[in-house]
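# Coordinates in review
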Amino acid sequence: CVVAATPEVAGAVITFDSRTVSVGSGVAFTFPHTVGVGINRVMIVGVSVFNSNKTVTSITYAGQPLTRIGFLDGGSGSDDRRMEMWRLVNPPMGTANVAITMSSSTKVVVGAASFFGVNPAAPHGAFASNEAKTNLVTLVVPSAAGELVIDCMAVQGNAATATVGAGQTQLWNDYTRSVGGAVVG
């Protein structure tokens, strides 16, 4: 599932700031993330969930609520997973906690990434998603020159990690290391 971040002005460059990843099991997850000094900031949080009927009920950063961009429920049975993407426009600079609350206890991989130079009035384009029961999933994402495509995935199984494709930069890649099934995000 992906979104295309839009630059603050045509021809401007969106700059990666920092990323943090957290892995765990439970209802509530909290981890620190640092947003650097820069203008027109956005923070994107991707949540990869082991079970599609377990949803994110809220995410905050420094006490400020994030907005859900989109989600995808995928699979069933041994292939059951969910992915959600959330955002916060102009998060406070400095180190603060990302706090996530789930609808009930589950296994998750959560990644937070912050960027500079993003249009605060329209920080991203339309959410796009796709799923498949194969190792190769394709998705065409509408984007324009200067936009940055950000993706997040959820794969259920005992796979350890995923491999990025050509032209992609990996921000996080982790798994829940659980007996009886894991989620990769």
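This is a predicted model, so every value here is computed, not measured.

About the cut-offs
- Residues numbered from 1 in each chain as written.
- Predicted model: local features only at pLDDT ≥ 70, side-chain atom pairs only at ≥ 80, totals over all residues.
- Heavy atoms only, no water.
- Helix = DSSP H or I, 4+ residues; strand = E, 2+ residues; numbered from the N terminus.
- Contact = heavy atoms within 4.5 Å.
- Buried < 20%, exposed > 50% of the residue type's maximum accessible area, 1.4 Å probe, protein only.
- Core = buried A, V, L, I, M, F, W, Y, C linked by side-chain atoms within 4.5 Å.
- Phe/Tyr/Trp six-rings, centres within 6.5 Å; stacked < 30°, edge-to-face > 60°.

### Here's the deal with the side chain of Thr-106
- With respect to the helices and strands, Thr-106 occurs in strand β8 (residues 94–116).
- With residues near it in sequence (within four places) discarded, Thr-106 still touches Gly-24, Ser-25, Gly-26, Phe-29, Val-49, Phe-50, Asn-51 and Lys-54.

### Thoughts on the environment of Ala-145
- Relative to the helices and strands, Ala-145 resides in the loop between β8 and β9 (148–151).
- On the accessibility criterion, Ala-145 (78% relative accessible area) is exposed.

### Section: the nonpolar core
- In this structure, Val-45, Ile-59 and Ile-100 are the most contacted members of the largest nonpolar core, which totals 20 residues.
- The set of elements that each furnish at least two residues to this core consists of β2 (15–35), β3 (42–49), β4 (56–61), β7 (81–89) and β8.
- The biggest single contributor to this core is β8, with 7 residues.
- Apart from the residues within four sequence positions on either side, Ile-59 is in contact with Val-45, Val-47, Gln-64, Pro-65, Leu-66, Trp-86, Val-98, Ala-99 and Ile-100.

### Considering the environment of Ile-39
- For Ile-39, the position within the fold is in the loop between β2 and β3.
- In this structure Ile-39 comes out as exposed when scored by relative accessible area, which is 60%.
- Along the sequence, Ile-39 and Asn-90 sit 51 residues apart, while their C-alpha atoms lie 7.9 Å from each other.

### Quick look at the environment of Ser-58
- Examined against the element boundaries, Ser-58 turns out to sit in strand β4.
- Apart from the residues lying within four places of it in its own chain, the contact partners of Ser-58 are Trp-86, Ala-99, Ile-100 and Thr-101.

### So, the side chain of Ser-22
- Tracing the sequence through the fold places Ser-22 in strand β2.
- On the basis of relative accessibility, which here comes to 17%, the residue Ser-22 falls in the buried class.
- If sequence neighbours within four positions are ignored, Ser-22 has contacts with Phe-31, Val-108, Val-109 and Val-110.

### Overview of the packing of aromatic side chains
- The final tally for this structure, using the stated rule, is 1 aromatic pair.
- Here the aromatic rings of Phe-16 and Phe-115 are separated by 5.9 Å at their centres, their planes lie at 65°, and the arrangement is edge-to-face. Here Phe-115 lies in strand β8 and Phe-16 lies in strand β2, a separation of 99 residues in the sequence.

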